[in-house]
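A look at the structure
Listed below are the residues making up each chain.
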Amino acid sequence: MAKQDFYDLLGVAKGCGADDLKKAYRKLAMQWHPDRNPGDKAAEHKFKAINEAYDVLKDDQKRAAYDRFGHAAFENGGRGAGPGDFGFAAGFADIFDEMFGDFMGGRRGQQSATRGNDLRYNMEISLEEAFKGKQTNIRVPTLTACESCSGTGAESGSKPVTCPTCHGHGRVRAQQGFFTIERTCPTCHGGGRVIENPCRVCGGQGRTRREKTLSVSIPAGVEDGNRIRLSGEGEAGVRAGAPGDLYIFLSVKPHRFFQRDGANIQCRVPIDITTAALGGTIEVPAIDGTRAKLTIPPGAQTGRQFRLKGKGMSVLRSPSRGDMYIEVTVETPVNLTKRQQELLREFAEAGDGKRATSPEAEGFFSRVKEFFEDLRE
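Cut-off values and rules
- Residues numbered from 1 in each chain as written.
- Predicted model: local features only at pLDDT ≥ 70, side-chain atom pairs only at ≥ 80, totals over all residues.
- Heavy atoms only, no water.
- Helix = DSSP H or I, 4+ residues; strand = E, 2+ residues; numbered from the N terminus.
- Buried < 20%, exposed > 50% of the residue type's maximum accessible area, 1.4 Å probe, protein only.
- Areas by Shrake-Rupley, 256 points an atom, 1.4 Å probe, with all protein chains shown as cover.
- Pairing = 2+ DSSP bridges.
- Axes fitted to C-alpha atoms, helices over the stretch in contact; angles between N-to-C directions.
- Patch = residues over 30% accessible without salt bridge, like charges linked within 9 Å, V, L, I, M, F, W, Y side chains within 5 Å.
- Salt bridge = Lys/Arg side-chain N within 4 Å of Asp/Glu carboxyl O.
- Phe/Tyr/Trp six-rings, centres within 6.5 Å; stacked < 30°, edge-to-face > 60°.
- Lys NZ or Arg CZ within 6 Å of the ring centre and 35° of its normal.
- Parallel < 35°, antiparallel > 145°, perpendicular 65-115°, else oblique.
- Left-handed = near helix turned anticlockwise from the far one by under 90°.
- Contact = heavy atoms within 4.5 Å.
- Nonpolar A, V, L, I, M, F, W, Y, C, P; charged D, E, K, R; others polar.

1. Digging into the overall build of the protein
Of regular secondary structure, the protein possesses nine helices and 15 strands. Taken across its 377 residues, the protein has 35% of its residues classed as buried. Put simply, the protein shows about 23,900 Å² of open surface, and 50% of that area lies on carbon and sulfur atoms.

2. Notes on the sheet that holds strand β15 (residues 324-331)
Taken in spatial order, the four strands line up as β10-β11-β15-β14 in an open sheet, and their pairing is mixed. Every interior strand has two partners, whereas the edge strands, β10 (258-261) and β14 (305-308), have only one. The mean angle between the axes of side-by-side strands here comes to 30°, regardless of whether they run parallel or antiparallel. Sheet topology note: the β10/strand β11 (residues 264-272) ladder contains four bridges and is antiparallel. Within β11, the position partnered with Arg 260 by the bridge is Ile 265.

3. Digging into unusual backbone geometry
One non-glycine residue, Ser 150, lies in the positive phi region at around 60°. With respect to the helices and strands, the residue Ser 150 is situated in the loop between β2 (134-145) and β3 (161-162).

4. Considerations on a nonpolar patch on the surface
Taken together, the side chains of Phe 371, Phe 372 and Leu 375 define a hydrophobic patch exposed on the protein surface, amounting to about 340 Å² of accessible area. Looking at where Phe 371 falls in the secondary structure, it is placed in helix α9 (residues 359-376). The partly exposed category is assigned to Phe 371, whose relative accessible area is 48%.

5. Structural notes on the packing of aromatic side chains
In this description, an aromatic ring pair is defined by two values, namely the gap between the centres and the angle between the planes. In this structure the tally under the stated criterion is four aromatic pairs. Between the aromatic rings of Phe 6 and Tyr 66, the centroid separation amounts to 4.7 Å while the plane-to-plane angle is 20°, which identifies the pairing as stacked. Taken together, the residues Phe 6 in helix α1 (residues 6-10) and Tyr 66 in helix α4 (residues 60-69) connect sequence positions 60 residues apart. When the centroid spacing of 6.1 Å and the interplanar angle of 50° are considered together, the rings of Tyr 7 and Tyr 66 count as tilted. Of the two residues, Tyr 7 is situated in helix α1 and Tyr 66 in helix α4; the sequence distance between them amounts to 59 residues. On the accessibility criterion, Tyr 7 (5% relative accessible area) is buried. Three or more aromatic residues joined by ring pairs make a cluster, and in this case those are Phe 6, Tyr 7 and Tyr 66. Between Arg 120 and the ring centre of Phe 249, over which it is positioned, the NZ or CZ distance is 3.8 Å.

6. Examining the pattern of salt bridges
Opposite charge on two side chains lets them pair, provided their charged atoms get close. Summed over all chains, the structure comprises 18 salt bridges. Arg 229 serves as the salt-bridge partner of Asp 245, at 3.0 Å between the closest nitrogen and oxygen. Here Asp 245, found in the loop between β8 (227-230) and β9 (246-252), pairs with Arg 229, found in strand β8; they are 16 residues apart in sequence, far enough to count as distant. Given a relative accessible area of 6%, Asp 245 falls into the buried group. What emerges from the salt-bridge pattern is a single network uniting Arg 115, Asp 118, Arg 229 and Asp 245.

7. Here's the deal with the packing of helix α2 (residues 18-32) against helix α3 (residues 41-57)
Between α2 and α3, the least distance of the axes is 9 Å, while the angle of their chain directions is 165°. As the angle between them shows, α2 and α3 are arranged roughly antiparallel. Handedness of the crossing formed by α2 with α3: left-handed. On α3, the residues that touch Leu 21, Lys 22, Tyr 25, Leu 28, Ala 29 and Trp 32 of α2 are Ala 43, Lys 46, Phe 47, Ile 50, Asn 51, Tyr 54 and Leu 57. Classifying every residue of the contact of α2 with α3 gives ten nonpolar, one polar and two charged.

8. Topic: the sheet that holds strand β1 (residues 119-125)
Taken in spatial order, the three strands of this open sheet run β1-β9-β8, and their pairing is mixed. The sheet terminates laterally at β1 and β8, the two strands that pair on one side only. Shown here is a sheet whose adjacent strand axes are inclined to one another by a mean of 25°, direction ignored. Where β1 meets β9, seven bridges bridge the pair, whose relative direction is parallel. Paired with Tyr 121 across the bridge in β9 is Ile 248.

9. Here we look at the environment of Leu 336
One can find Leu 336 in the loop between β15 and α8 (338-349). In contact with Leu 336, other than residues within four places in its own chain, are Gln 341 and Leu 344.

10. Brief notes about the environment of Gly 133
With respect to the helices, strands and loops of the structure, Gly 133 is situated in the loop between α6 (127-132) and β2. By relative accessible area, which is 19% here, Gly 133 ends up buried. Taking C-alpha positions, Gly 133 is 5.2 Å from Ile 218, a pair spaced 85 residues apart along the chain. Excluding anything up to four places from it in sequence, Gly 133 contacts Ile 218, Pro 219 and Ala 220.

11. A closer look at the packing of α3 against α4
Contact geometry of α3 with α4 gives a least axis separation of 6 Å together with a crossing angle of 105°. Considered as vectors, α3 and α4 are oriented roughly perpendicular to each other. Within the contact between the two elements, α3 uses Asp 55, Val 56 and Leu 57 and α4 uses Lys 62, Arg 63 and Tyr 66. Class assignment of the residues belonging to the contact of α3 with α4 gives a composition of three nonpolar, no polar and three charged.

On their own, these measurements won't tell you what the molecule is for.
Here is the structure:
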């Protein structure tokens, strides 16, 4: 049975480029792969045929011979191998290399550079700094690109050369019967290049450890747990690879007066019994460093809340502010003088019984009395 033309088999024109050829091969290989067509002998034959076609057309010398002589160029020993070369051993190795090499770091000749690691820096700030924002400097120990060799690892005036073992592929293959075994090149350790004259400063690593100072801008309104990303300020990449990023994780210290609730602030303020009973005006601190006046109405009870609009925290990336909530606590007087005790007794005796001065207490004990009366019935 006559073989199908390799170009027709892959669905490409005779003068197509390498990218178009590879794109067509990937599509067909995925379509006819045995894992997607279990038990289908026709799909298996098709898979072998497209691997054979691609193996020939991707090689410039083989392609030139095929364009001139067709299939006859590889018959009667012309190709130096039998049809079995395009079986599953070669097929699986090629398809993983061509289809997944880009995603798994296995693309030939492009393994030398590796992105550096990301770094984490923990920073604690005060609530006032979270309100106002902050510009500060931090010192971070990290691996940076060697200045002497510019991160290449090679001594000045020289450069890494192609690995003689894997010829720049970063991997070596060995045929073991039915299978093709592929492993990382032991000479270049997957880099594809070797350094014959290592840099004396970094010892060929391309990176040196040092502490660098960075300027950090903390915006107003940040909250506990927020993080700031400094792109490219992480560890330098291996073999002149791109650097990683630095992530600054923020934690806000507890405040002696305020408790934060999102953009709002809560503050607990004790007031004396006279102010609670007669009313009055008090001054309370605000997070922006100012003082705010608060009017207490007569008869204020413990737990009463007052809202001061626009006196809360800054809102991240917004000109607005939250509110401040004041919760008053009525303080019972202590260390009374004899005269003060006498006045309180006179106050208690002055009640005429027509107006309750302590409605909550009187209401509670009234209900207690009813409770015991119900038990006796």
